[in-house]
Amino acid sequence: MSNRTPLMAGNWKMNLDHLEANHLVQGLAMALSDAGHDYSKCEVLVIPPFTDIRTVQTIVEADSLDIKYGAQDVSIHDNGAYTGEISTAMLTKLGCSYVVMGHSERREYHNESDELVGAKARKVLDAGMTPILCCGEALEVRKAGTHVDFVLGQIRAALAGWSAEDVAKIVIAYEPIWAIGTGETATADDAQEVCGAIREALRADFGDATADATRILYGGSAKPANIKELMAQPDIDGALVGGASLKADSFAQMAGFYA
Ligand SMILES: O=C(CO)COP(=O)(O)O
């Protein structure tokens, strides 16, 4: 049994306007309260689009909720002439505690490299928030059987030159691309294979304390029906949930399955 606190993170992607965001966070808080959720046993995080963050902040603060919230991406620049970008300072000011980077959708549609993803993680950590560094292989890589090397390569490139203390503070999310939004979840064994390999790579590169402290999430069609088995795996510390996080009841239910 590790002493890593499980994390159930809902990535809303480009969904929900501010009224819908309001509704979902209130519904989630109520469902968790009804279930007697113990936030010290499993952190609950929502990751709305930028335009909903202020709404979520208002509800969380007004109702003193234990739900945490964060952003789906961030700029590597501090401020100034970067049209369309959002800085870490803007996010900390809104009370964000986590920021996702390197999601496969951003790598694919915005050509984000491992180096850029690593720079974003650095920026987020320096701003006092927790980076959620995403990695994961496409179907061709999985079929070729090189998925473990591929994923470890992504992580090593992003974290090159990092100290063991800093790596221990981040969250890594393993999301096989072929399982995202497809309804096809990796089996618990498949997910554990890669999450276990990530932890062993952290052990080799950064030592035992870091490997034992860093939280590793699984993402890709995670839902109430499969979360229990995923969470029971020794190296899976939570999930990064897309579709199933858009419904208060299903997401609240998933947060209840900590090992
Ligand atoms: O990409 C994901 C979370 O970041 C996973 O999305 P789904 O849960 O909808 O497959």
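What you see is a predicted model; the values in this text were computed from it and never measured.

Calculation rules
Residues numbered from 1 in each chain as written. Predicted model: local features only at pLDDT ≥ 70, side-chain atom pairs only at ≥ 80, totals over all residues. Helix = DSSP H or I, 4+ residues; strand = E, 2+ residues; numbered from the N terminus. Rg over C-alpha atoms; globule rule 2.2 N^0.38 Å. Buried ≥ 20, exposed ≤ 12 C-beta atoms within 10 Å, placed from the backbone. Contact = placed C-beta atoms within 7 Å. UniProt positions renumbered as here; feature names shortened; annotations may be inferred.

Examining the overall build of the chain
Link 1 in the chain: Within the chain, the regular secondary structure consists of 12 helices and eight strands.
Link 2 in the chain: For the chain, whose C-alpha radius of gyration is 17 Å, the value lies close to the compact-globule estimate of 18 Å for 259 residues.
Link 3 in the chain: C-alpha atoms of the chain, sized along the principal axes, occupy 45 × 45 × 35 Å.
Link 4 in the chain: Of all 259 residues assigned to the chain, the portion counted as buried reaches 44%.
Link 5 in the chain: The contacts of the chain with a sequence gap of at least 6 include a subset with a gap of at least 24, amounting to 74%.

Quick notes on the UniProt feature "active site" (unreviewed entry) in the chain
Link 1 in the chain: Per the UniProt record, "active site" (unreviewed entry) is found at His103 and Glu175. Annotated residues spanning 73 residues; largest pairwise C-alpha distance 8.3 Å, indicating a single compact cluster.
Link 2 in the chain: Along the polypeptide, His103 turns up in the loop between strand 4 (98-101) and helix 4 (104-109).
Link 3 in the chain: Given 28 C-beta atoms within 10 Å, His103 falls into the buried group.
Link 4 in the chain: Within the element layout of this structure, Glu175 appears in the loop between strand 6 (171-174) and helix 9 (188-206).
Link 5 in the chain: A tally of 29 C-beta atoms within 10 Å means that Glu175 is categorised as buried.
Link 6 in the chain: Excluding its chain neighbours within four sequence positions, the residues that come into contact with Glu175 are Ser104, Cys134, Gly136, Ile180, Gly219, Gly220 and Leu240.

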